[in-house]
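Observations on the model geometry
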Amino acid sequence: MASADLLTSPQEKALRRKLCLMMFLQIFIWGAWFELGFDYIPSLGFESWQNTLIFGAFNIGALVALFFSTQFADRKFSAEKFLAVSHLIGGAAILGLFFLHPGPGEKAEFLPFFLLMLLHSIFYVPTISITNSIAFANLKDPAREFGPVRVWGTIGWIVASWPFIFILVDWQKVPSMGDVGFSQWLESVLGTSKKGAEAYAAERYIFLVAGLASFVLAAISPFLPHTPPKPVAAGEDSLAWVKAAKLLKHPFVAVLFLVTFIDAAVHQSFFYWTASFLKSDEVGIPANWVTPVMKIGQIAEILTMLILGYVLKTLGWRMTMIFGILGHSARFAVFAFYPHEVAAILINALHGICYAFFFATVYIFVDEFFPKDVRSSAQGLFNVLILGLAPFAANVACGELGTIYTVGGKLHYSIIFIYSMSAGLLAALILLLFFHPPKSKLPDVSLSTAEEDAPPVA
């Protein structure tokens, strides 16, 4: 049955629209602050270890998601209500960061900033798994339909950068429209960016935009499709994450867990360095165009997500994931060996392959193979790597590499990018040699017969 035929009634079309809007806002919130945050937060005068802790707050949120939040949603709380409460509290916390910008020549206070970022992360990060679970629970054929729904999250990430094209404009240098006409005025707007301290001061609006979007999602969450909890059955583990973790005893799950850790660390290193790299003298992109350039990858991701179901059916799990990992290595190879403006811009299109072919595929794989009553916690188990342990390890490693390879006040990006490129190649090789998923699913902690519509195995 073609995916276009799956949703035909007005009720089903309305359901899909709600899920698409949910995904749009969910990822918009993240995309509004995450990329520029790695450029803005170090400008506040924190010590190196304090920056690491602030960035690590997001990773702590992933751990809380595994051990409490998704467990709570799986067993005790309807997912849509959990989403509403989480975005209300998380939105208020990240909005508070907007007001903590220090005055000229001053340093920001670490503790209030860290605690607000931690509060936001604890409530936001679990909702990434919860929104996936809501979508999977309400789609008839997730392997085919999840991509077109999740692509609206990608659109949200892209749209989140648009306000900053104008927020970061140096308006004092833009002539009046009445003096030069609209065309020349618009050209001046798009080509005049704030620099230095003025640019950093304007970047704090990332938190205002993210906070307002959180409130909107909190308001619409009660109107999402009801996704009730799944009470524990007799003889089952009362902790959903414990049952999900038991599946690591299967070699193919353990191998995927390891590869996900490596690839997520490589992925995080992209966000850690790219904004400052694009603004550096090596590339020279104006500050107000940095996030739109980084968003080129998400535009490509839209097309990739739309064909993800076909690629899975054609290539299978393993080869699809390998291509996703190799996309990271190719991008870092260009950054390291050919750091010119046009190449550094265009190579970001590979992000579509990096995300859809690996991370989105991992989420679909978990939905296919893990028991229905612990899928939120199973998603959270992998999110511990994708959003928690691996990014935290990458933040620490990138901080150390930045110290080692800064000579005479200049950061040698090319050497640093070789580390990320090599790690991606290692992850792809491990997956190629050791990842051999069976054709059966995991309805419990043991294997069983697969359904006929499962994607083929590489």
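**Description of the overall build of the chain**
The secondary structure content of the chain amounts to 19 helices and two strands. The buried share among the 458 residues of the chain stands at 56%. In the chain, of all internal contacts separated by at least 6 residues, the share reaching a separation of at least 24 is 83%. Of the roughly 18500 Å² of accessible surface on the chain, a fraction of 68% belongs to carbon and sulfur atoms.

**Here we look at a nonpolar patch on the surface**
On the surface, V85, L88, I89 and L119 cluster together into a nonpolar patch covering about 300 Å² of accessible area. At three residues, the largest contribution of residues to the nonpolar patch is made by helix 3 (residues 79-98). Along the chain, I89 turns up in helix 3.

**Regarding helix 8 (residues 182-191)**
What helix 8 keeps buried is the set W185, S188 and V189. Along the axis of helix 8, the buried positions cluster into a sector of 100°, meaning they face one direction only. Pointing more than 90 degrees away from the buried face of helix 8 are the exposed residues S183, E187 and G191. Looking at the buried side of helix 8, the elements it contacts are helix 6 (162-167) and helix 7 (177-180).

**A closer look at the nonpolar core**
Core analysis: the biggest nonpolar cluster contains 132 residues, and W30, W33, F207, L278, M321 and F435 have the highest contact counts within it. Filtering out sequence-adjacent residues up to four positions away, W30 remains in contact with F58, Y124, I128, W157 and L387.

**Quick look at the pattern of salt bridges**
Tallied over the full model, the rule gives three salt bridges. In this structure, the salt-bridge partner of K295 is E35, at a minimum N-O distance of 2.4 Å. Taken together, the residues span a long stretch of sequence, with K295 in the loop between helix 13 (290-294) and helix 14 (296-306) and E35 in helix 1 (residues 10-40) at a distance of 260 residues. This pair shows no difference in class: K295 is buried, exactly as E35 is. For K173, the salt bridge identified is with D170, shortest N-O distance 3.8 Å. Accessibility expressed as a relative area gives 61% for K173, which makes it exposed.

**A word on the confidence of the model for the chain**
Per-chain confidence: the chain averages 82 in pLDDT, with 86% of residues scoring 70 or above. Of all secondary-structure elements in the chain, the lowest mean pLDDT belongs to helix 11 (residues 240-246), at 67, while helix 10 (residues 205-220) reaches the highest, 96. Counting interchain partners and residues more than four positions distant, the pLDDT-below-50 stretch residues 445-458 has 42 contacts.

Calculation rules
- Residues numbered from 1 in each chain as written.
- Predicted model: local features only at pLDDT ≥ 70, side-chain atom pairs only at ≥ 80, totals over all residues.
- Heavy atoms only, no water.
- Helix = DSSP H or I, 4+ residues; strand = E, 2+ residues; numbered from the N terminus.
- Buried < 20%, exposed > 50% of the residue type's maximum accessible area, 1.4 Å probe, protein only.
- Contact = heavy atoms within 4.5 Å.
- Areas by Shrake-Rupley, 256 points an atom, 1.4 Å probe, with all protein chains shown as cover.
- Patch = residues over 30% accessible without salt bridge, like charges linked within 9 Å, V, L, I, M, F, W, Y side chains within 5 Å.
- Salt bridge = Lys/Arg side-chain N within 4 Å of Asp/Glu carboxyl O.
- Arc of directions from axis to C-beta.
- Core = buried A, V, L, I, M, F, W, Y, C linked by side-chain atoms within 4.5 Å.
- pLDDT = per-residue confidence, 0-100.

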